[in-house]
Structure formats: C-alpha cells, structure tokens
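# Structural description and commentary
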Amino acid sequence: MGRRPRTQEPLLAQLGSTGFKRSTTTVIEEWHPVLTGTRAVKVYREMMDNDSNVGAALNLIEDLIRQATWEFVSPDESSAEGKEWADLVNGMMADMESTWQEMLSDIMLMLPFGWALFVDTYKIRRGESVDARGQPVGTLYSQHDDGLYGWRDISIRAQETLWEWDFDEATSKTLGMWQMAPPYNRTTYIPLHRALLFRLRTSKGNPAGRSGLRSAFRPWFMLKRIQEIEAVGIERDLAGMPVMEVPPSIMAPNADTAAKALRKDYEEKIQKVRLDQLYGMVIPAEIGPDGKPTGYKFRLVNSGGRRPSDADVIVKRYGNEILRVLAAEFLPLGQEKVGSFALHSDKTAMLSFRLGAIMDTICEVICRGAIPRLMRLNGVDQRLWPVLEHGDVEREKASEVVTAFQTAAQAGLVVPTDEDEAHVRGRLDWPQRGAEDIPRAPGQPQPGAPTTPVQLELGLDTPPADPGEDGPDFWTAEEVATKLGVSRATVNGAIKRRQLPGIKVGNSFRVSRKDAEKLWSGGVLR
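Residues numbered from 1 in each chain as written. Predicted model: local features only at pLDDT ≥ 70, side-chain atom pairs only at ≥ 80, totals over all residues. Heavy atoms only, no water.

The helix and strand tally for the protein chain stands at 17 helices and 13 strands. Residues counted as buried form 34% of the 526 residues belonging to the protein chain. Looking at the protein chain alone, contacts between residues at least 24 apart form 64% of all its contacts between residues at least 6 apart. For the protein chain, the exposed area adds up to about 33100 Å²; of that, 53% sits on carbon and sulfur atoms. (Helix = DSSP H or I, 4+ residues; strand = E, 2+ residues; numbered from the N terminus. Buried < 20%, exposed > 50% of the residue type's maximum accessible area, 1.4 Å probe, protein only. Contact = heavy atoms within 4.5 Å. Areas by Shrake-Rupley, 256 points an atom, 1.4 Å probe, with all protein chains shown as cover.)

Below is the structure:
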C-alpha cells in the first residue's frame, strides 16, 4: 500500500484524532464487560456500599476535602472592585438552595464513578418572600435584594440516570448527555455548555473519565469471593458438613424415574441444611418395621485439623491492595502493632498530594464553567472575574513550622519581621497579634519608634497622656500601662528586669510619676 502524497495543511486545521473509542452514543473504552455502561455504575455502587475498606477510604477523602477552606478571591489583589465581586460571589454560593458542603459531597462521587455532571440554574436576587409562619415562599427567594443574577442551585445529575452521550460525529467531542431519571423516566437532553462535568482523570476526551476504584476492582472481586467462601467454611466447621446416606437402588445408573426424582429431592434438601430458624429435615427411619436397616441415614461430619490456607491473611492482603489504590494504606497502621510514625507520615503526605490535585480540578471546572456564565449574566468585565481557591487538607504542625522558621533565622537566611510573624500565624491558623503586643527588640529601631533602649523594650511610639500637675506621685502598673499605651505585663516585666524603678506594695507595684516621665523623655533611669 503506497503512501498518500504529502499536502500542505492549514495551521488551523485539526489533524488526526485522539483515538477515543466510542459508538454513536456509548463509550467503549473499558475492556472488561462488567465495567461498561450502567453495569459499571452498579458495580462501583456495590463496592462503595458493601466494602469496608472502600467505604472508609472514600469517607476519609470526602471529609478531608469538605473541611478545607474554599473561597472566591479576586485575581488582582489591588483591585477594590475585583474584591467586591469576589465577596458577592461568595455570598451567592451561600445563597443557593443546597449548601456548598452538600455540593462537595456530590462532586466527590466522581471518585468512585469517574465523573459527576452538574447543572447550574440561576435566579434574580430580589430578597425573601415568606408566608405567615416565616417560611420562604417559592424557590427563587434570596437573602439579598440587589437585583443581581445569582445561583439558584448547582445540582448533580446522578450517574445511574445516564441514558446516552451525545458526540460530535466529526471531532468526537462531547456535546451533551441524555438523561432518563425517575420518577417519570422521560429522556431529557443536557447540553454540556449548560453543565459542569467533573472528572477524576481525563483521557482522550472521554466524558466518563476513569473511576478511582477501577484498579481496585480485581482485589475487591477476589476479596468478596474469599469472604463468601470463608463464611460458608466457618458455618460448616461449626455445624459440620451434612451427609445423607440413601439405599443403593436410588443411586443406581439404571434407577427408574421415581428413584431418580427421590435422589434429586434428597440432594436439594442436603444442600439447604443451615443452622437457622428453618433448621431441620424429615427422612425415613434408619431401621424399618422388620428391624432391618432401610439404607437411610443423616449425619454431620466435622472437618478436623487446621485448614491449609489462612483466610485472614488473604483477606488482609486484598484489603491492603484496595487501600493502596486509594492512597489510604495508613488506615490499618497500628492495628497489628506494626508500622512506624515515619511511615504513617509519608503515607498521609501522599494522600494530601492526591487530594490537592482533586481539589485543583474542582476549582478549575468551576472557574471555567460556572463563573463565566454567572459573570456574563451580570455584565462583569472579564478582568474582574473571581477565581476559586482552596486551602490545605492537612494542617501544619506548629512545632515543625516554628522549628523551621527558627532554624532559618539562626542561620541568617531570613531576618524576622512583623510580616514574617503574621505569615507564620496565618499558616498555623493562630490569631494575629495586636499592635500593642508586637515586641521590638532592643537596638532595632523602626520608623517613628523611640530610640532609647527602655522605650524600645516597652514598645513606646506615642507620648503618654499628660498626667497634669495635680496627678498622684505614684502610679500603679495598670496606670503606667494606660498612660504609656502598653500592656500591664510589659510594664511588670520592665520593673522585674529593673529597667523601670518600682516599689512593691502588697502584691502590686508602684512607679513614681517622675520615673515614668523620664522614661518617655529619654532620661536615664536608675
């Protein structure tokens, strides 16, 4: 077969294709017949609901993502108008019919199923309309009455309601989804330009993505069978294996029809013997009226000794394989008194990286779909469109952050400033210092700050209030703190370090008015 002659293709033309395997309305990327179409949804649903390893890992991942911070921010921090629109969009998210936490729970269904499709609907914010009992009337009520377009809701279209996909025949791009949902089971077309399609992983433009449980299917399938066999084995070990002896004539190859039917009946009965509320069986007597054996006898045979295969070890192995697929291997650590703290830390860090990637995907889909539609409805300049950002799923340990900062400061890599302290406090979710609580080291004057060492130690940057000529000769520590604009603890510390002369009266200190005035004027305190 000869090659076709080369031609000069225009730069804007699309060459070749992604190789996405599909029929007219169905994705056929999956090679396993059980995991295609709606059958895959049923299998993944069973894995979620029935397997404890899958359920524990998925619940952990969802809880970690839900507890993180999510916020719309302005792309330009210096733009006051951009910050205003970011605040408005945060309010619109809180003004929906369903909460952001409920929406996150539905979004996380893309982890087991590979994809999750949402439709955003809108309303005009015209305030609340309530009935005589104070309950909101209608579905378009709002907490705001600014007349802007806001989200009414962003709700999921369940994976099991997928009827078929709509593809562009020329490019294989996904155009939309046909849905058939209860209770009416009518087909509804959902165009993709009106929807948000979250996918765990994308390949070749496949709208169904790839399930996070796909690689766990085989160990789950084997584990399920092993557990069923184990349950039957335990029952047989406790109750014994039922054995039914019958006359040889029933077992004969040339037995008549009645004998064959009788044999089949006893075979079915012996297989149904269970230790439950229906436990029991009626059979002919072992000894006939003439005192001779009838050939019928029922007994239970117990298996002696230990089984060659330890089912518990096999079950744990398959369970660990499932957790490894979901990056949750650390969950069983400590149950068997094995596994170091370092191993646990490494495993949790791997999960944090994975969750960070998932959260980035959520932010990207919302910023590329929901935000542009909302902003265009309100006629907002594209430069002011807010972006969705998320926080970390794992809070940093205070000891590690402080130690790292202290080591860097001692090595001369950083010079600690107020901004550095604010940054560290923000990372640890600590409250920020007040202006009067920020210490200033001696010998490091700041712009506008006093120059004497004692003033630097006390943090004096404004003159004290004029006590007046008729003021008392001695002040309490609280009065000095008030006059100098510092905290009482700062004054007491200065007195104890003998930087500020004081007299102890009972359980409190007194400071002379003259010493306090010298302190501000820069005189030497003795």
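Next comes the rest of the account.
Now for the sheet that holds strand β4 (residues 162-167). Taken together, three strands build an open sheet; the order of strands is β4-β5-β6 and the sheet is antiparallel. Edge strands, defined here as strands with exactly one partner in the open sheet, are β4 and β6 (186-191). The mean inter-strand angle of the sheet, taken between neighbouring strand axes irrespective of direction, is 20°. For strand β5 (residues 174-181) and β6, the ladder comprises six bridges, and the chain directions are antiparallel. What sits directly across from Gly176, in β6, is Pro191. (Pairing = 2+ DSSP bridges. Axes fitted to C-alpha atoms, helices over the stretch in contact; angles between N-to-C directions.)

Cis rather than trans, the peptide bond between Pro182 and Pro183 has omega equal to 10°. Structurally, Pro183 is set in the loop between β5 and β6. Phi is positive for Asn185, close to 55°, though the residue is something other than glycine. Looking at the secondary structure, you find Asn185 in the loop between β5 and β6.

With that out of the way, let us pick up the packing of helix α2 (residues 52-67) against helix α4 (residues 100-107). Running from N to C, α2 and α4 cross one another at 145°; their axes reach a closest spacing of 10 Å. The handedness of the crossing between α2 and α4 comes out as right-handed. Of the residues in α4, those in contact with Glu62, Ile65 and Arg66 of α2 are Gln101, Leu104 and Ser105. For the contact of α2 with α4, the per-class residue count stands at two nonpolar, two polar and two charged. (Left-handed = near helix turned anticlockwise from the far one by under 90°. Nonpolar A, V, L, I, M, F, W, Y, C, P; charged D, E, K, R; others polar.)

Attention now moves to the packing of aromatic side chains. A complete count under the given rule lists nine aromatic pairs for this structure. Note on Phe72 and Trp151: the rings are 6.2 Å apart at their centroids and 35° apart in plane angle, and the pair reads as tilted. In this pair, Phe72 sits in strand β1 (residues 70-73) while Trp151 sits in strand β3 (residues 149-157), placing the two residues 79 residues apart along the sequence. Its relative accessible area of 3% is what places Phe72 among the buried residues. Under the relative-accessibility criterion, Trp151 is labelled buried at 0%. Seen in terms of ring centroids, Phe118 and Phe198 are 5.5 Å apart; in terms of plane orientation they differ by 85°. Their pairing is edge-to-face. With Phe118 in strand β2 (residues 115-124) and Phe198 in strand β7 (residues 195-199), the pair connects residues that are 80 residues apart, well separated along the chain. Classification of Phe198 as buried rests on a relative accessible area of 0%. Cation over ring: Arg317 sits above Tyr318, and NZ or CZ is 4.8 Å from the ring centre. (Phe/Tyr/Trp six-rings, centres within 6.5 Å; stacked < 30°, edge-to-face > 60°. Lys NZ or Arg CZ within 6 Å of the ring centre and 35° of its normal.)

Quick look at the pairing of β2 now. Across the ten residues that make up β2, a large majority, seven, are buried. Bridging between β2 and β7 involves five bridges; their strand directions are antiparallel. Of the residues in β7, the one forming a bridge with Val119 is Ala195. As paired elements, β2 and β3 share eight bridges and run antiparallel to each other. In the strand pairing of β3, Tyr122 is matched with Trp151.

Moving on, we get to the environment of Asp360. Looking at where Asp360 falls in the secondary structure, it is placed in helix α10 (residues 341-368). Classification of Asp360 as partly exposed rests on a relative accessible area of 43%. Considering only alpha carbons, one finds Asp360 and His390, 30 residues apart in sequence, at a separation of 7.8 Å. Side chain to side chain, Asp360 and His390 meet in a polar contact 2.7 Å long. (Polar contact = N/O pair within 3.5 Å; in protein donor to acceptor, adjacent residues only side chain to side chain.)

It is worth spelling out the nonpolar core at this point. Taken as a class, soluble globular proteins show a tendency for nonpolar side chains to be buried jointly. With 68 residues, the main nonpolar core has Ile65, Trp70, Phe118, Trp151, Phe198, Ile362 and Ile366 as its most contacted residues. At eight residues, the largest contribution of residues to this core is made by α10. When near neighbours in sequence (up to four residues on either side) are disregarded, Ile362 contacts Trp70, Leu104, Ile107, Met108, Met110 and Phe198. (Core = buried A, V, L, I, M, F, W, Y, C linked by side-chain atoms within 4.5 Å.)

A contiguous patch of negative charge, built from Glu71, Asp76, Glu77, Glu81, Glu84, Asp87 and Glu389, is present on the exposed surface. Top contributing element to the negative patch by residue count: helix α3 (residues 80-94), with three residues. For Glu84, the location among the structural elements is in helix α3. (Patch = residues over 30% accessible without salt bridge, like charges linked within 9 Å, V, L, I, M, F, W, Y side chains within 5 Å. Salt bridge = Lys/Arg side-chain N within 4 Å of Asp/Glu carboxyl O. Lys, Arg positive; Asp, Glu negative; His and termini not counted. Charge placed at Lys NZ, Arg CZ, Asp CG, Glu CD.)

What follows deals with the environment of Ala40. Following the sequence through the fold, Ala40 ends up in helix α1 (residues 37-50). Owing to a relative accessible area of 8%, Ala40 belongs among the buried residues under this scheme. Expressed as a C-alpha distance, the spacing of Ala40 and Phe113, which sit 73 residues apart in the sequence, is 8.1 Å. In this structure, Ala40 is in contact with Val34 and Leu35, ignoring residues within four places of it in sequence.

Across the interface, α1 lies against α2 with an axial gap of 5 Å and an inter-helix angle of 85°. As summarised for this structure, α1 and α2 are arranged roughly perpendicular, according to the angle between their axes. Every residue of α2 that contacts α1 at Met47, Met48 and Asn50 is listed here: Ser52, Val54, Gly55 and Leu58. Residue composition of the contact of α1 with α2, grouped by class: four nonpolar, three polar and no charged. (Parallel < 35°, antiparallel > 145°, perpendicular 65-115°, else oblique.)

What follows concerns the side chain of Arg157. With respect to the secondary-structure elements, Arg157 resides in strand β3. As a buried residue without a salt bridge, Arg157 has its nearest oppositely charged side chain in Asp153, at a separation of 7.1 Å. A polar atom in the side chain of Arg157 sits 2.9 Å from the side chain of Ser155. When neighbours within four sequence positions are excluded, Arg157 is seen to be in contact with Trp115, Leu117, Val119, Met177, Gln179 and Ile190.

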